[in-house]
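Structural description and commentary
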Amino acid sequence: MPCSDIMVIVMAAGQSSRFGSDKRVAKLGNGETLLSFTLRTIQKTFSNSRVVIKPEDNAQSLGLTPTHHTIISQRSHLGLGYSISDAFRQLCSDESVHHFRAAAVWLADLPWVSEETCSVLTKMATPDSIVQPLHQGNPGHPVVFGRKFWSELALLENDKGANTVIKKHSDRVIYVSLSDPGVCSDVDYPDDLIKQRIKTKGI
């Protein structure tokens, strides 16, 4: 049964500058878009998610339907930290999710995280902890932030992400070493998709 008390925040408001085109609609080997595949991966484990997009985005063009809840980040052009902040500002003002124990920040270009990894992270998440996966010692995503840290995430003002919150609360971080390369396999360049197609034989 999908986890119902952890919200997944899908960060899909980036500029795709290194990719050279809108990577959210880039096609995988099976014809599915990168964003669609990521959302399908998430839905296998989690029943609640929000997709963060830019003000100029057309949700339908991205393959999003009315069943996909979206958050418009007005400051997405300033960088990832601002998009995370915009997302958590909305989350903090949404009374319907105040009972959730945590929220997972998941990059839209991270589609190959395994169900087993999601299950492990879900089991370890608490309202007052931050859970981050590691692969071969390298930090990955999704990072699961307990509800205690939401208000702080809502105040982020940087272009890098949530690392400042993680470092500030290092005593509350649970690092989970996993054999899943998917936690570090994000897509920055078109070649990243090609390499993954070879690894997964067409997916």
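Because the structure is predicted, anything quoted here is derived from the model rather than measured.

**Observations concerning the UniProt feature "domain: MobA-like NTP transferase" (unreviewed entry) in the protein chain**
- This chain's UniProt record puts "domain: MobA-like NTP transferase" (unreviewed entry) on residues 8-171.
- Counting secondary structure, residues 8-171 comes out at 27% helix and 18% strand; the distance between its end C-alpha atoms is 23 Å.

**Comments concerning the pattern of salt bridges**
- In total, this model carries ten salt bridges according to the counting rule given.
- Where E32 meets R40, a salt bridge forms, and the shortest distance between an N and an O atom there is 2.7 Å.
- Note that E152 and K168 form a salt bridge whose closest N and O atoms lie 3.2 Å from each other. Remark: K168 occurs in helix α5 (residues 163-168) and E152 occurs in helix α4 (residues 150-153); sequence separation between them is 16 residues.
- Residue classification places E152 among the partly exposed residues on the basis of a relative accessible area of 23%.
- The network of salt bridges with common partners includes D22, R24 and D57.

**Here's the deal with the nonpolar core**
- Counting 54 residues, the largest nonpolar core has I9, F88 and F145 as the members making the most contacts within it.
- Every residue in contact with F88, bar those within four places of it in the chain, is listed here: I9, A103, V105, W150, L153 and A154.
- Ranked by size, the runner-up nonpolar core spans eight residues in total, among them A26, L34, F37 and V187.

**Examining the pairing of strand β1 (residues 6-11)**
- Burial analysis of β1 places six of its six residues in the buried class, the great majority of the element.
- Side chains I6, V8 and V10 project from β1 onto one buried face, and the interleaved M7, I9 and M11 project onto a second face that is buried too.
- Sheet topology note: the β1/strand β2 (residues 49-53) ladder contains four bridges and is parallel. Directly across from V8, in β2, lies its bridge partner S49.
- Once the chain exits β1 it traverses helix α1 (residues 34-43) before rejoining the sheet at β2, and the crossover so formed is right-handed.

**Comments concerning helix α2 (residues 80-93)**
- The end-to-end C-alpha separation of α2 is 20 Å, in line with the 20 Å expected for 14 residues at 1.5 Å each.
- Along α2, the residues classified as buried are G81, Y82, S83, I84, S85, D86, A87, F88 and L91.
- Of the surrounding elements, those touching the buried residues of α2 are β1, β2, β3 (70-72), β4 (102-107) and α4.

**Quick notes on the environment of V52**
- Locating V52 in the fold gives a position in strand β2.
- Expressed as a C-alpha distance, the spacing of V52 and M1, which sit 51 residues apart in the sequence, is 25 Å.
- Not counting chain neighbours up to four residues away, the residues in contact with V52 comprise I9, V10, M11, A12, A13, I71, S73, S83 and A87.

**As for the side chain of Q132**
- For Q132, the location among the structural elements is in strand β5 (residues 130-135).
- Given the relative accessible area of 6%, Q132 is considered buried.
- In this structure the side chain of Q132 is engaged in a polar contact, spanning 3.2 Å, whose partner is the backbone oxygen of G140.
- Leave out the neighbours within four places in its chain, and Q132 touches P139, G140, V143, I166, I174, Y175 and V176.

Scoring rules and cut-offs
The numbering scheme is per chain: residues are counted from 1 as the chain's sequence reads. Reporting in this predicted model follows two pLDDT cut-offs: at least 70 for local features of residues, and 80 or more for side-chain atom pairs to be given and counted; totals over whole chains, interfaces and linings ignore these cut-offs and use all residues. Heavy atoms throughout the structure, all of them, feed into the side-chain values; hydrogens and water do not. UniProt positions are given in the numbering used here, feature names are shortened, and annotations may be inferred rather than shown by experiment. Counting from the N terminus, the helices are DSSP H or I runs at least four residues long and the strands are E runs at least two residues long. Salt bridges are counted wherever a side-chain nitrogen of Lys or Arg sits within 4 Å of a carboxyl oxygen of Asp or Glu. Relative accessibility thresholds used throughout: buried, under 20% of the residue-type maximum; exposed, over 50%; partly exposed, between the two (1.4 Å probe, protein chains only). Among buried residues, those of type Ala, Val, Leu, Ile, Met, Phe, Trp, Tyr and Cys that are joined through side-chain atoms within 4.5 Å constitute a nonpolar core. Only heavy atoms enter the contact rule, under which two residues are in contact if any of them lie within 4.5 Å. If DSSP finds at least two bridges between two strands, the strands pair. Clockwise travel from the first strand over the helix to the second, with the strands pointing away from the viewer, marks a crossover as right-handed. What a helix should span is 1.5 Å times the count of its residues minus one. A 3.5 Å cut-off defines polar contacts: any pair of N or O atoms within that distance qualifies, except that in protein one atom must be a possible hydrogen donor and the other a possible acceptor, and neighbouring residues in sequence count only when both atoms are side-chain atoms.

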